[in-house]
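Observations on chain architecture
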Amino acid sequence: MALPSNDQIIISCAITGSIHTPSMSPYLPVTPSEIAESAIGAAQAGAAILHLHARDPKDGRPTPDPTVFGAFLPQIAKATDAVINITTGGGQKMSVSERMAGALWAAPEMCSLNMGTMNFGLFPMADRPRTYQHDWELPHLTGSRDFVFKNTFSDIDTILDEMGAKRGARFEFECYDTGHLYTLAHYLDRQRIEPPVFVQFVLGVLGGVGADADALYTLKQTADRLLGDRYRFSVAAAGRAQFRLTTVGAILGGHVRVGLEDNLYLDKGRLAETNAAQVRRVREVIEPLGFKIATPDEARAVLGLKGRDKVAF
C-alpha cells in the first residue's frame, strides 16, 4: 500500500458522546458548563474540530434538546476558533428529527453522519461491577443487546438535505464497516454530495469492525478503491486501541480523533481527567514523527467548510 505524503494532521476531539455514562468516570463532561470548559480546553490543546453531543444536566443522559446545545455552543464559539461539529447520531431511541434537532438549530460548519443502520452493542460494558448513580445507566447499556441504530437511505437523504443542501454544513461521514463506504460511494457517484468527503473510520464498536490494524487497512484499501482522490480520512478507535490506531492512521496519511466519547482512559487503569489530556497525548505521539498539527482555519481549507461566520450561534 502506497503511503500518502500528507504531513498535516487535523485533530478532532469528541467531547462527551452518548455511549459512556456518568458512573464510568467522574471526568465525563455532563453539564453545559462542563462540556464548554472541556471543549475549550481541548481546542487550546490543539484540537481543530470539536465533535459535540448534549447531555441532560440533571442526570447526564443524552439529550437532543436545542436549548441544552444553546447553553454551551456560544461559550465555545466565543472562547475558541475551533470548528464545531454537531452530532446527528444523537443517542439510543431518538428519532431522526430528534437526532438532528441541535444541528438544525445551530446550522454548524460540520455535522456527523453515520453511513448505515447497524447493531450498536454497549452491553459488554455492563459486565464490569460498578455502582450506578442514575437509574437510566444500566438499562442504557444492557438494552443495547436488542437495539439497532437506524440510519436508512431515507434517513441519510433527510440529513443531507436538511443539514447540507439547506444549511451548508459539511459532514464527518462515520463509517463503522466496509459496507458504509459503499453507501458513501453511492452518494458520491450520484453527485448527492460534493468531494472531497471527510471519512471517519470508527473501529471497535460491537456491531462494526474491530479495533485492530488489519481492519483499518481494509477500510483504507476499500476507500481508496471506491473513492479515489475524492476523500480525506480520520481514525477514531474505541477504548484501549485509541492511541495505537490513531497513530497508524496518521502514518497512513490520515487525520486523528480522540476524546472521552471514544475512550475514558489516558493509560491502562488511569482515567483521562480532561479531553485536553488526550489531545496532548496524541500530539506527543505524532509530532515527533514529523507531523504538523492543523489549525482550525487550515482544517476549514482542507475540508471546504463554509466558515464560522455562517453558523447560527
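A brief report on the enclosed structure follows. This structure is a prediction, so every number in the text was calculated from the model and none was measured.

The rules behind these values
Residues numbered from 1 in each chain as written. Predicted model: local features only at pLDDT ≥ 70, side-chain atom pairs only at ≥ 80, totals over all residues. Heavy atoms only, no water. Salt bridge = Lys/Arg side-chain N within 4 Å of Asp/Glu carboxyl O. Helix = DSSP H or I, 4+ residues; strand = E, 2+ residues; numbered from the N terminus. Buried < 20%, exposed > 50% of the residue type's maximum accessible area, 1.4 Å probe, protein only. Pairing = 2+ DSSP bridges. Axes fitted to C-alpha atoms, helices over the stretch in contact; angles between N-to-C directions. Contact = heavy atoms within 4.5 Å.

Looking now at the pattern of salt bridges. With the rule as written, the count across this model stands at 20 salt bridges. Across the salt bridge formed by Glu109 and Arg300, the nearest N and O atoms sit 2.9 Å from each other. In this pair, Glu109 sits in the loop between helix H3 (96-106) and strand E7 (110-114) while Arg300 sits in helix H10 (residues 296-303), placing the two residues 191 residues apart along the sequence. On the basis of relative accessibility, which here comes to 8%, the residue Arg300 falls in the buried class. Measuring nitrogen to oxygen at the nearest pair gives 3.2 Å for the salt bridge that ties Glu162 to Arg167. Taking the relative accessible area as the measure of exposure, Glu162 reaches 22% and is therefore partly exposed. Put simply, Glu172, Glu174, Arg257, Glu261 and Asp262 are held in one network by salt bridges that share partners.

Bringing the sheet that holds strand E3 (residues 49-52) into the picture now. If you trace the eight strands once around the closed barrel, you get E2-E3-E6-E7-E10-E11-E12-E13, paired in parallel fashion. Here the strands of the sheet are splayed against their neighbours by 25° on average, with no regard to which way each runs. The pairing of strand E6 (residues 83-86) with E7 spans two bridges and is classified as parallel. Residue pairing for E7: Asn85 is matched across the bridge by Met110.

This part is about H3. The α-helix advances 3.6 residues per turn, and as a result positions three or four apart in sequence lie on the same side. Buried within H3 we find Val96, Arg99, Met100, Ala101, Gly102, Ala103 and Ala106. Those residues of H3 that are buried lie in contact with helix H2 (66-79), E6, E7, strand E9 (148-149) and helix H5 (153-165). Looking one or two residues past H3, Ala107 carries a phi angle of roughly 45°, positive in sign.

What follows covers the environment of Ile11. Looking at where Ile11 falls in the secondary structure, it is placed in strand E2 (residues 11-14). On the basis of relative accessibility, which here comes to 0%, the residue Ile11 falls in the buried class. Taking the C-alpha atoms as reference, Ile11 lies 26 Å from Phe149; in sequence the two are 138 residues apart. In this view, Ile11 contacts Gly46, Ala47, Ala48, Ile49, Val256, Val258, Val279, Val282, Arg283 and Ile293; residues no more than four positions away in its chain are not counted.

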